[in-house]
Amino acid sequence: MRFPARDIPIRWAMLIVFGVLLATSLLITGGVFFAGWSESADDAGIRLAEAMSGNIQTQVDRFLEEPYHVNRTNLDLLEKGIVDLEVPAERERFFSSVLETHGESIYSFSFGGGNGEYHGARRTPEGRIEIMRNDRETGGSSWYYLALPDGTAGMKTLETGPFDPRTRPWYKEAVRVNGPVYSPLYKHFVMDDLTVSAAVPLRDREGALLGVLGTHTTLGNIGRVLEEIAGPTQGMAVILERETGFLVANSLGERNFQVGPDGTLERFGPEVLRQPDLTKAWEDFLESGHTRMSPEETDGKYYIRLSGFTHAGLDWVVISA
């Protein structure tokens, strides 16, 4: 077949047809590849959020299991009379040795007596151990002493105001439940932090209440755990109370509460974090029970996973982004 001179040469026609076919093939292949890549990226993001959520659950569970373990172990010693809390030196060695053998997540270990006395040991911000006393000798106030190498009280370091352990949330909750329990969150008596306490009642052989054993940890420690988990992924992690919506801890370094001039405690919700995606995820969870959000539902940055966390009276929600 011959083409008129004015027509396109056959070689150019073939090149054009080939080019069109190649471009079409590339577009189809690219579209399929991009769709597959996008779906793969979504799957990877979801898996990362779920892995972070699972990691947080595991770490927080370990964090909170230790105080529970401390109470279980030492309640047995007291019930069997192996440790006599009426002997000052024996009592002081007992409390200080417990802190020495457990991690820094435990701030203090103490016993609140049914008569209002309070004894125990605490860890200072510098990592030193101090003995706590509150009895008739101290006039109902708490006195703190630097622990000597043998675990007994040495030099007095601090005197605080009147303190009655029977008024504290951890004491009341253990008596109410009549068994091991975690307290509601409360402002620490001395430190500028929220505290959660594992508590269990101590009774004599006839069942009469002697007092409550408490192992106490500050929530600032949980916040540091969240930072360690979320930081490497450039993500965010938040724990909220399911019932109140108040912050328990967060990985963003923001305050979870503040204390007013009159001493009243003001706790914050997720909006204080200034992360609309987290706030939206929390609101959706409350309204519809949704536990996942994709980037299309946020600002294009985050995969978000929500999961419940319950532990002996605690009812929290973990948000991982």
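Residues numbered from 1 in each chain as written. Predicted model: local features only at pLDDT ≥ 70, side-chain atom pairs only at ≥ 80, totals over all residues. Heavy atoms only, no water.

Asks: I'd love a proper account of the environment of phenylalanine 94, names of residues and values included.
Replies: On the secondary structure map, phenylalanine 94 appears in helix 2 (residues 88-100). Given the relative accessible area of 6%, phenylalanine 94 is considered buried. The sequence separation of phenylalanine 94 and alanine 121 amounts to 27 residues, and the corresponding C-alpha distance is 9.0 Å. (Helix = DSSP H or I, 4+ residues; strand = E, 2+ residues; numbered from the N terminus. Buried < 20%, exposed > 50% of the residue type's maximum accessible area, 1.4 Å probe, protein only.)

Asks: A description of the nonpolar core should follow, citing residues and the corresponding values.
Replies: Ranked by size, the top nonpolar core spans 26 residues in total, and within it Ile56, Val60, Leu64, Ile222, Ile239 and Trp316 carry the most contacts. Of all the secondary structure elements, the ones that give two or more residues to this core are helix 1 (10-79), strand 8 (194-203), helix 4 (219-230), strand 10 (237-241), strand 11 (247-250) and strand 16 (314-320). Residue contacts for isoleucine 56: discarding those within four places in its chain leaves Leu226, Ile229, Ala237, Val318 and Ser320. Ranked by size, the runner-up nonpolar core spans 21 residues in total, among them Val70, Leu99, Val200 and Leu213. (Core = buried A, V, L, I, M, F, W, Y, C linked by side-chain atoms within 4.5 Å. Contact = heavy atoms within 4.5 Å.)

Asks: Describe the sheet that holds strand 11, naming the residues involved and giving the relevant values.
Replies: One open sheet accounts for five strands, arranged 11-10-16-15-14; its pairing is antiparallel. In the strand order of this sheet, the two ends are held by strand 11 and strand 14 (292-293), each with one partner. Sheet analysis places strand 14 next to strand 15 (residues 304-311), joined by two bridges and oriented antiparallel. Looking at strand 15, one finds that methionine 293 is bridged to isoleucine 304. (Pairing = 2+ DSSP bridges.)

Asks: How would you explain the layout of surface pockets if you had to name every residue and give the values?
Replies: In this structure, the largest pocket encloses a volume near 560 Å³. Among the residues making up the lining of the largest pocket, the classes are represented as eight nonpolar, five polar and eleven charged. In this structure, the second largest pocket spans a volume of roughly 320 Å³. Around the second largest pocket, the lining comprises 16 residues; the ones closest to its centre are Pro184, Glu241, Glu243, Gly313 and Asp315. (1 Å grid on protein atoms, 1.4 Å probe; cavity = no way out; pocket = protein on both sides within 12 Å on 5 of 7 lines; lining within 4 Å. Points joined across faces, edges and corners; volume = space filled by probe spheres on them. Nonpolar A, V, L, I, M, F, W, Y, C, P; charged D, E, K, R; others polar.)

Asks: Provide a residue-level description of helix 3 (residues 169-177), including the pertinent values.
Replies: Residues Trp170, Tyr171, Glu173 and Ala174 constitute the buried set of helix 3. Contacts from the buried residues of helix 3 go to strand 1 (108-113), strand 2 (118-123), strand 6 (181-182), strand 7 (186-187), strand 8 and strand 9 (209-218). Asparagine 178, located one to two residues past helix 3, shows a positive phi value of around 60°.

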